[in-house]
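Chain and residue survey
So the chains spell out like this:
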Amino acid sequence: MPVLAGLRVSAFLAWKSIRRGSKGTLVLTIMIVALIFVNLVFLPSIISGVVETFDAQSIDFDFGNLVVEPREGSQYIDGVASLQRQIERIPGIVGTSPRTAAGVTYFYKGRNTASTLYGINPEDERSVTRIAEFMTEGEFLSDGDTDAIVMGATLAGTEGDEGGGLPTLEGVVVGDSVRVDYPNGETRTYRVKGIFETQSFGVDTSAFITNREMSEVLGLQDQASVILVKTEENGREEEFKRELLSYGIQEEVRTYREKAGGFVDQAIQSFNIINAISTLVSLIIAIVVIFIVIFINTVNRRRQIGILKAIGIDQQIIINSYVLQVLFITVVGALVGMVLNAGVTTYLTAYPLVFPGGPVYPVVEASAVLWSVASLFAVSLPAGYIPAWRIAREDILTAIRG
Amino acid sequence: MIVAEDLTRVYTMGRVEVRALRGVSLSVARGEFVGIMGASGSGKSTLLHILGLLDRPTSGRVMLDKTDVLALSDHQRTQFRLNRLGYVFQDYALIGELTALENVYLTSLVRGDPEEEYLRKSTDILERVGLGDRMDHRQSELSGGEQQRVAIARALVNSPSILLADEPCANLDSQTSKSILDLFRRLNEDLDQTILMVSHEEWHKEYFCRVVTLRDGLIEEVTECRKG
Ligand SMILES: Nc1ncnc2c1ncn2[C@@H]1O[C@H](COP(=O)(O)OP(=O)(O)OP(=O)(O)O)[C@@H](O)[C@H]1O
Ligand SMILES: [Mg+2]
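Turning our attention to the interface of chain B and chain A. Often the size quoted for an interface is simply the accessible area lost on bringing the parts together. Facing the 28 residues of chain B at the interface are 25 residues of chain A. Of the roughly 2,400 Å² buried where chain B meets chain A, counting both sides, 61% is carbon and sulfur surface. When the area that chain B buries against chain A is broken down by residue, the three leading residues are Glu97, Leu109 and Val110 of chain B, summing to 26%. Scanning the region where chain B abuts chain A turns up four salt bridges.

Turning next to helix 6 (residues 174-191) of chain B. Residue and element names in this part refer to chain B. Given a rise of 1.5 Å per residue, 18 residues ought to cover 26 Å, and the 25 Å separating the end C-alpha atoms of helix 6 matches this to within 8%. Of the positions making up helix 6, those classed as buried are Thr176, Ser177, Ile180, Leu181, Leu183, Phe184, Leu187 and Asn188. Take helix 6 and look down its axis: the buried residues cluster within an arc of 150 degrees, on one side only. Across from the buried face of helix 6, at angles greater than 90 degrees, the exposed residues are Ser174, Gln175 and Asp190. Close packing links the buried residues of helix 6 with strand 3 (33-38), helix 4 (115-128), helix 5 (144-156), strand 7 (162-166) and strand 8 (194-198). One side-chain oxygen at the N-terminal end of helix 6 lies 3.0 Å from the backbone nitrogen of Gln175; it belongs to Asp173. Asp192 occupies a position one or two residues after helix 6 and carries a positive phi of about 65 degrees.

Turning our eyes to something else, we now look at the site of ligand 1. By nearness alone, 16 residues border ligand 1, and Ser40, Gly41, Lys44, Ser45 and Thr46 of chain B come closest of all. Residues close to ligand 1 are split across chains A and B. Interatomic distance of 3.3 Å between a backbone N/O atom of Ser42 of chain B and an oxygen atom of ligand 1. Take Thr46 of chain B: an N or O atom from its side chain is 2.5 Å from an oxygen atom of ligand 1.

A few words on the packing of helix 11 (residues 302-310) of chain A against helix 12 (residues 315-350) of chain A. All names here are of chain A. Put simply, helix 11 and helix 12 touch, their axes get as near as 9 Å, and they point 140 degrees apart. With respect to each other, helix 11 and helix 12 are oriented oblique. The hand of the helix 11/helix 12 crossing is right-handed. For the pair helix 11 and helix 12, contact is made by Ile305, Leu308 and Lys309 and by Gln315, Ile318 and Tyr322, respectively. Here the residues of the contact of helix 11 with helix 12 sort into four nonpolar, one polar and one charged.

Thresholds applied
Residues numbered from 1 in each chain as written. Chains lettered and ligands numbered in written order. Predicted model: local features only at pLDDT ≥ 70, side-chain atom pairs only at ≥ 80, totals over all residues. Heavy atoms only, no water. Contact = heavy atoms within 4.5 Å. Buried area = accessible area lost by both parts, 1.4 Å probe. Salt bridge = Lys/Arg side-chain N within 4 Å of Asp/Glu carboxyl O. Helix = DSSP H or I, 4+ residues; strand = E, 2+ residues; numbered from the N terminus. Expected span 1.5 Å × (residues − 1). Buried < 20%, exposed > 50% of the residue type's maximum accessible area, 1.4 Å probe, protein only. Arc of directions from axis to C-beta. Polar contact = N/O pair within 3.5 Å; in protein donor to acceptor, adjacent residues only side chain to side chain. Near = heavy atom within 4 Å. Axes fitted to C-alpha atoms, helices over the stretch in contact; angles between N-to-C directions. Parallel < 35°, antiparallel > 145°, perpendicular 65-115°, else oblique. Left-handed = near helix turned anticlockwise from the far one by under 90°. Nonpolar A, V, L, I, M, F, W, Y, C, P; charged D, E, K, R; others polar.

Below is the structure:
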């Protein structure tokens, strides 16, 4: 008999069974598949969200896309201005910002704390990071400033809050004066021009002055500790890194991921393990549930299966009709799951989960959805096939007697 | 058409052996209308199951339409049932999720017949068994007698070369029984339909060419009733 005609009969039987079988069981099964689907998609979407938040934080506040560092054995990059010009000529690079770092001690109202102070060119910095957009008080630096400092919210702190081990001056506000002791013995007093809050803890515990001031104090000329580089789009860091090196840049070049170091990778790895376990558990539940449902369904219809065989219907057609029913349940379940997931995602976008490093928005990646759909099918088809096959193989009269 | 030789069927239930058939030989020519009678438990259904390829005998031989059906594979036996046999079960055996009409045309769907043709044939046969106004009813919405007639229509719809009917009139009033038997007789006389039918009723004998009476798994007697 032609395969197509056989499939038509399977589809006919499957459809009648769906339409005229128990609605309650059908809805319940579809809901279970839908919830399994949500479970499969949800955790990866949060993990993607964490990674995305972390990447965005690192790029926007800590590092830009790439970081140029001094050559092996040097403390500073020399010839910064010409190196900046050289890098900015590369197509796809939209900004560079030299930073000079110093480990300093801050003094304020009899309190003191040690942290990093960066010298920056304010306009250059605006072309790379977004710190200037995250001022909670006052303003960001301007190129001409010499006695001004902008401070991270954690470093500025709040009155009476000891910051739980993080460097904090407990209550600095705009307009206050803060004394800074440099490692070379120099001491300066700066007026606080602004306070920023980025949620990136390395940034919020530091402060910025202009490079002009920093170079004067440290006696540097056209030198910087690092140059941050911003590319047109994110995600092509490796490519640009090679490009920079091929343009003959002698300094070390690292991507923001490399700078962030093992921390993110480790976090992602742990998340992926959690995700793998959760996926495995969901899929096992899916197998068991679908198997039980189809098994009960087929056992309840033993007699019917026997009759179908008795009147001359091939057992493959009968098995296929059950497989088609499972297919239907899985397709509808996945669709319902997508709707549920859209609901969860919408909710968590409106009321995001807050992680250290900032709010995390669920990021539903097409690949995660495809993977979930594929694994649902991979699991439900055998779970539907096997019970149907076992009963369809039975002796006709035994089956008919029920 | 049907040649059965020395059929036995032994059911083993734990230590107990039930010998439902103990050596039945029977041959039915094309166009014969044969009645099988006998007391309850005498092996009528068992014999019909074997001839309908629903069961295999413990020993013996069965030829249907010159085919050694015991040598066929399961798949071939399924095809044989689909294309050559019509079977009316003692307990109707309808598919509960399908309507009367769908029950009747299901096998045509499997055979890949054109829709127009099988709808016409199925409607036709349902009308002939008096269910013209019950075609869209499901099993749960039909009386026992109506279900039985749907089962008869399903067995007849593809014009099988052999019709096997296990007490097809058991649940019908004598008026309806008579109309079914008349239908069988017309098929038998006009189209040379071979029919093997199990019955309890003495008055059915007037329809049969021949009556085979079973007793305890053996043929007790064979009577010619009318000229075939
Ligand atoms: N699956 C089975 N297992 C065990 N014994 C069986 C089985 N099927 C039938 N029998 C026995 O075989 C014998 C013949 O049964 P069968 O169904 O052929 O009788 P029958 O002549 O059709 O009776 P009835 O007129 O009541 O339908 C009976 O004694 C019955 O108990
Ligand atoms: Mg019987």
